[in-house]
Amino acid sequence: MGIDYNFKNKSLKTLALTHVSYANEHNTESNQRLEFLGDSILSFIVATYLYNEKPNMNEGELTEYRALVVCEKSLAQAAKAMDLGEELIMGNSEKLTGGKDKPSILADAFEAILGAIYLDGGIDAAREWAQNHLKEALLDPSSVKVVNYKSELQTLIQQTARDRSFVEYNLIDRSGPDHEPIFKVEAVYGGKVIGHGSGTCRKAAEQLAAKEAYEARILGRNAP
């Protein structure tokens, strides 16, 4: 399928595909600034789409819907569908650890490409590209195959640890306005903090804390 956009400025495409690992190894610019730009543009595009297409949804429902569409899993799925990982320019260390298949890297690259398309062709080109590649998620957010990291983490711990106790999730902070709060949670196992997460609802924050702990344990970092 490919990126499916013909860049007038080819250097923008190259920059959007340049992962920070390659940039560090070769003392050049990475796609991180384009990712920052693309993240904001994507939020605007999806919010505008939902505002126009979902007139019966209230603010809270629109916020949850948007979060599903622009989440890491959704963007990584879209990136995989276009084989974006095969085009990424990565350093040797990231190549050896399977960087082209990592959801976080794929999601970031999706946003970087969107940012590059916006600079190359304007908001209409960016909107068309984003809506085309996120079509399934926009029409049905349940199509996003979300991993239950809390369940996965508990299963992993029970398989590898002698202690069969459960991971606890403690709310450590709540900030922001009532209509758009930010919850911060820590995952605790055996009296030790093994993960942190923040999100617009407590459940999302717990999932992110579990994800951090799960990935750290899989990679052998800070595992209890």
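Residues numbered from 1 in each chain as written. Predicted model: local features only at pLDDT ≥ 70, side-chain atom pairs only at ≥ 80, totals over all residues. Heavy atoms only, no water.

A. Quick peek at the nonpolar core. Ranked by internal contacts, the top residues of the largest apolar core, which has 41 residues, are Leu-84, Ile-113, Leu-114, Trp-129 and Leu-134. Going through the elements one at a time, α1 (10-16), α3 (32-53), α4 (59-69), α5 (72-81), α7 (103-121), α8 (123-133) and α9 (135-139) are the ones with two or more residues in this core. No other element matches α7, which puts ten residues into this core. Discounting chain neighbours no more than four positions away, the residues touching Leu-114 are Gly-38, Ile-41, Leu-42, Ile-45, Ala-126, Trp-129 and Ala-130. In terms of nonpolar packing, the next biggest core, distinct from the first, is built from 15 residues, Tyr-149, Val-167, Tyr-169 and Ile-194 among them. (Core = buried A, V, L, I, M, F, W, Y, C linked by side-chain atoms within 4.5 Å. Buried < 20%, exposed > 50% of the residue type's maximum accessible area, 1.4 Å probe, protein only. Helix = DSSP H or I, 4+ residues; strand = E, 2+ residues; numbered from the N terminus. Contact = heavy atoms within 4.5 Å.)

B. Structural context of the packing of α3 against α8. Closest axis-to-axis distance for the α3/α8 pair is 10 Å, and the angle between their directions is 75°. It follows from the interaxial angle that α3 and α8 lie roughly perpendicular. Seen from α3, the contacting residues are Ile-41, Leu-42, Phe-44, Ile-45 and Tyr-49; seen from α8, they are Ile-123, Ala-126, Arg-127, Ala-130 and Gln-131. When its residues are assigned to classes, the contact of α3 with α8 shows eight nonpolar, one polar and one charged. (Axes fitted to C-alpha atoms, helices over the stretch in contact; angles between N-to-C directions. Parallel < 35°, antiparallel > 145°, perpendicular 65-115°, else oblique. Nonpolar A, V, L, I, M, F, W, Y, C, P; charged D, E, K, R; others polar.)

C. Quick peek at α8. Restricting attention to buried positions, one finds in α8 the residues Ala-125, Ala-126, Trp-129, Ala-130 and His-133. Projected onto a plane normal to the axis of α8, the buried residues spread over an arc of 120° and lie on a single side. Exposed side chains of α8 directed beyond 90 degrees from the buried face belong to Asp-124 and Glu-128. Those residues of α8 that are buried lie in contact with α3, α5, α7 and α9. (Arc of directions from axis to C-beta.)

D. Spotlight on the side chain of Lys-211. Along the chain, Lys-211 turns up in helix α11 (residues 202-218). Lys-211 has contacts with Glu-72 and Tyr-149, leaving out every residue within four places of it along the chain.

E. Spotlight on the pairing of strand β1 (residues 168-175). In the sheet, β1 pairs with strand β2 (residues 182-189) via seven bridges, with the strands oriented antiparallel. Within the sheet, the bridge partner assigned to Ser-175 lies in β2 and is Ile-182. Counted along the chain from β1 to the antiparallel partner β2, the turn is six residues long, and its residue Gly-176 has a positive phi close to 90°. (Pairing = 2+ DSSP bridges.)

F. Fine view of the pattern of salt bridges. For the structure shown, the criterion picks out eleven salt bridges. Between Glu-29 and Arg-33 there is a salt bridge, and its shortest N-O distance comes to 3.9 Å. Assessed through its relative accessible area of 65%, Arg-33 is described here as exposed. With a shortest N-O distance of 3.3 Å, Lys-100 and Glu-86 are connected by a salt bridge. Of this pair, Lys-100 sits in the loop between α6 (92-96) and α7 while Glu-86 sits in the loop between α5 and α6; the two residues are 14 residues apart in sequence, bridging distant segments of the chain. For Glu-86, a relative accessible area of 56% puts it in the exposed group. (Salt bridge = Lys/Arg side-chain N within 4 Å of Asp/Glu carboxyl O.)

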